[in-house]
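The primary structure of each chain is shown beneath.
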Amino acid sequence: PVCGNVIHTTGNAVVSCCGITLPALEPEETEESHCLSVEEVEDEHFVPVSHPMTKEHSLTFIAWVTGDRLQLVKWYPEGNAETRLQLRGVGHLYYYCNRHGLFKKKI
């Protein structure tokens, strides 16, 4: 919440950043105001998200997580909330809104 760093773990952990102990985030299922689409483009998947990207309200990252892999892309305010990912196998897309929290979508 202070510096905007993205921290992930592979199990239970107590994590602190900038002097603050961070609570574990529980992802919510995708809702209408935080919907994303996945389009196949060549050998990758294009993931655009229709979401404000201001300093006050933006998406900060998107991650593709499977049983053995993690692809993480950091997004910045006033940039585009879109990326290309190599979606292999079955997994979840996780993305974080600085106002509404963590969301996930099974692909």
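Residues numbered from 1 in each chain as written. Predicted model: local features only at pLDDT ≥ 70, side-chain atom pairs only at ≥ 80, totals over all residues. Heavy atoms only, no water.

Peer 1: What exactly am I supposed to notice about the nonpolar core here?
Peer 2: Nonpolar side chains in soluble globular proteins tend to be buried together. Formed by 15 residues in total, the largest nonpolar core has its most connected members in L36, L59, I62, W75 and L93. Listing elements by their share of this core, those giving two or more residues are β6 (59-65) and β9 (92-97). Look past the residues within four positions of L59 in its chain and what remains in contact with it is H34, V49, H51, P52, M53, W75, A81, Y95, Y96 and C97. (Core = buried A, V, L, I, M, F, W, Y, C linked by side-chain atoms within 4.5 Å. Buried < 20%, exposed > 50% of the residue type's maximum accessible area, 1.4 Å probe, protein only. Helix = DSSP H or I, 4+ residues; strand = E, 2+ residues; numbered from the N terminus. Contact = heavy atoms within 4.5 Å.)

Peer 1: Looking at this model, I keep getting lost on the sheet that holds strand β3 (residues 28-29). Mind explaining?
Peer 2: Where strands meet in a sheet, backbone hydrogen bonds hold them as pairs that are either parallel or antiparallel. An order of β3-β10-β9-β6-β7 is seen for the 5 strands of this open sheet, with the pairing classed as mixed. The open sheet is flanked by β3 and β7 (70-74), the only strands paired with a single partner. Inspection of the sheet shows β9 paired to strand β10 (residues 101-106) by 6 bridges, in the antiparallel sense. Within β10, the position partnered with Y95 by the bridge is F103. (Pairing = 2+ DSSP bridges.)

Peer 1: What am I meant to see in the side chain of H51 here?
Peer 2: Locating H51 in the fold gives a position in the loop between β5 (44-48) and β6. In terms of polar contacts, H51 uses its side chain to reach the side chain of H57, at 3.4 Å. (Polar contact = N/O pair within 3.5 Å; in protein donor to acceptor, adjacent residues only side chain to side chain.)

Peer 1: How do you make sense of the layout of surface pockets when you look at a structure like this?
Peer 2: A water-sized probe, rolled over the atoms, reveals where empty space remains. Put simply, the largest pocket is a space of about 1,300 Å³. Around the largest pocket sit 33 residues that line it, and I7, H8, T9, L25 and L102 are the ones nearest its centre. A per-element tally of the lining of the largest pocket places β6 first, with 4 residues. The class makeup of the residues in the lining of the largest pocket is 22 nonpolar, 9 polar and 2 charged. (1 Å grid on protein atoms, 1.4 Å probe; cavity = no way out; pocket = protein on both sides within 12 Å on 5 of 7 lines; lining within 4 Å. Points joined across faces, edges and corners; volume = space filled by probe spheres on them. Nonpolar A, V, L, I, M, F, W, Y, C, P; charged D, E, K, R; others polar.)

Peer 1: Looking at this structure, I do not really get the packing of aromatic side chains. What am I missing?
Peer 2: Each aromatic ring pair is characterised by the separation of its centres together with the angle its planes make. This model, assessed by the stated rule, comprises 2 aromatic pairs. Look at F61 and Y96: their rings are 6.2 Å apart centre to centre, the planes differ by 5°, and that puts the pair in the stacked class. Of this pair, F61 sits in strand β6 while Y96 is found in strand β9, placing the two residues 35 residues apart along the sequence. (Phe/Tyr/Trp six-rings, centres within 6.5 Å; stacked < 30°, edge-to-face > 60°.)

Peer 1: What am I meant to see in the sheet that holds β5 here?
Peer 2: Spatial ordering of the open sheet is given by β4-β5-β8, a layout of 3 strands whose pairing is antiparallel. Edge positions in the sheet fall to β4 (39-41) and β8 (82-85), since each has one partner strand and no second. Put simply, the sheet's adjacent strands are angled 30° from each other on average, direction ignored. When β5 meets β8, the two strands line up antiparallel, connected through 4 bridges. From the neighbouring strand, V47 faces β8, where its bridge partner is T83. (Axes fitted to C-alpha atoms, helices over the stretch in contact; angles between N-to-C directions.)

So far we have only geometry, and geometry alone does not tell us how the molecule works.
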